[in-house]
Amino acid sequence: MGSESGRVKRGEQSRISQWLRRRSKPSPEDPGRVREALLLSVTAAGLPLAPAAHPAGYRCSCDRIGCPTPARHPLSFAWQTQSTTDRAQIERWARSQPQANFVTATGMVHDVLDVPLEAGLRALERLLAAGVEVGPVAESGGAGDQARMLFFTATRGTPEDEDEWWPCELDCHPETMDEHPGLRWHCRGSYVLVPPAALPGDHAVTWIRGMEHPLPDPLTLLESLTDACAAHADASPQTPAPVAWPLGH
């Protein structure tokens, strides 16, 4: 009886030891590790990152009264020079600022075509059905027109004959986003949040198609996106029409 009791106790101790060992190891689904891995997948594709604000309840962590873009803006005014693809720096930021969102500076390696969520879903379905190579796509949650879809593309760069085809009126800078309710084209001097990012009201920025997809030429997506935005505007009379393609400056 005593030997059986000893075996039971040893068995229980063994199970407890195994449980403690499992508890001491980080879970592969640990949110911090998942977040870090997703951020590193972005920089591995060459997209520079910089830390951004995060939600503090329904407000912004920047504590600015009436912050116009809560949890959607960089922490530093020097975000363009601060943006980096350095793995060690991203790891330091992610671990020292576990709540921070991250932005990626556009116009260096990539651009982002930013459209209302419903228009984006319609365009994405059409593009995939037509066999068009669509790159990474993220969904940015929000109420009503704040819900957006982000199509990551290769950057336009700086063509020699810029005046001929540069759609200047579609350019979206952080301070002009409210002026572009339809299609926004984030290029030089702009940024977008990258997943995973938390937004006020339990909304988030998440990947629909991840960074394993190569960045396409933005012009291969533009027609479908502008058509979808036009249809979205027609179905929403109170929504201003999307910006028209300009013929020049």
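Bear in mind the structure is a predicted one, so any value in this text is a computation, not a measurement.

Glancing now at the packing of helix α2 (residues 31-44) against helix α4 (residues 87-96). Relative to each other, α2 and α4 sit at 150 degrees, their axes nearing to 10 Å. Viewed along their axes, α2 and α4 adopt a mutual orientation that is roughly antiparallel. Note that α2 runs across α4; the crossing there is right-handed. For the pair α2 and α4, the contacting residues are R35, E36, L39, L40 and T43 in the first and R87, I90, E91, A94 and R95 in the second. Each residue belonging to the contact of α2 with α4 can be placed in one class, and the counts come to four nonpolar, one polar and five charged.

Turning our eyes to something else, we now look at α2. Two residues of an α-helix separated by three or four positions point the same way, owing to the 3.6 residues in each turn. The end-to-end C-alpha separation of α2 is 20 Å, in line with the 20 Å expected for 14 residues at 1.5 Å each. Taken as a whole, α2 has its buried residues at R35, E36, L39, L40, V42 and T43. For α2, the buried positions fall inside an angular range of 150 degrees around the axis, keeping them on one side. In this fold, the buried residues of α2 make contact with β1 (49-52), α4, β4 (101-105), β9 (191-194) and β11 (203-209). Just beyond α2, the residue with positive phi is G46, at close to 95 degrees.

Right, let's talk about the nonpolar core for a bit. In summary, soluble globular proteins display a tendency toward joint burial of nonpolar side chains. Counting 27 residues, the largest nonpolar core has L39, V42, L49, F152, L193 and V194 as its most contacted members. Only α2, β1, α4, β4, β7 (148-154), β9, β10 (197-199) and β11 provide two or more residues apiece to this core. Counting residues per element, this core draws most heavily on β9, at four residues. Membership of the second largest hydrophobic core comes to 20 residues, among which are L127, M149, W185 and A228.

What follows concerns the packing of aromatic side chains. All chains considered together, the criterion is met by three aromatic pairs. Taken together, a centroid distance of 6.4 Å and an interplanar angle of 45 degrees make the contact between W93 and F102 tilted. Here W93 and F102 have matching classes, each one buried.

Turning our attention to the environment of R87. By secondary structure assignment, the location of R87 is in helix α4. C-alpha separation for the pair R87 and L39, spaced 48 residues apart in sequence, amounts to 9.4 Å.

Once that is clear, we can look at the sheet that holds β7. Ordered by their spatial adjacency, six strands build an open sheet running β8-β5-β7-β6-β11-β10, and the pairing between neighbours is antiparallel. Taken across any chain shown, the strands that pair with only one partner, and hence form the sheet edges, are β8 (184-186) and β10. Direction aside, the axes of adjacent strands within the sheet are offset by 25 degrees on average. Where strand β6 (residues 137-140) lies against β11, four bridges are found, and the strand directions are antiparallel. When the bridges of β11 are listed, E139 appears paired with T206.

The rules we used
Residues numbered from 1 in each chain as written. Predicted model: local features only at pLDDT ≥ 70, side-chain atom pairs only at ≥ 80, totals over all residues. Heavy atoms only, no water. Axes fitted to C-alpha atoms, helices over the stretch in contact; angles between N-to-C directions. Helix = DSSP H or I, 4+ residues; strand = E, 2+ residues; numbered from the N terminus. Parallel < 35°, antiparallel > 145°, perpendicular 65-115°, else oblique. Left-handed = near helix turned anticlockwise from the far one by under 90°. Contact = heavy atoms within 4.5 Å. Nonpolar A, V, L, I, M, F, W, Y, C, P; charged D, E, K, R; others polar. Expected span 1.5 Å × (residues − 1). Buried < 20%, exposed > 50% of the residue type's maximum accessible area, 1.4 Å probe, protein only. Arc of directions from axis to C-beta. Core = buried A, V, L, I, M, F, W, Y, C linked by side-chain atoms within 4.5 Å. Phe/Tyr/Trp six-rings, centres within 6.5 Å; stacked < 30°, edge-to-face > 60°. Pairing = 2+ DSSP bridges.

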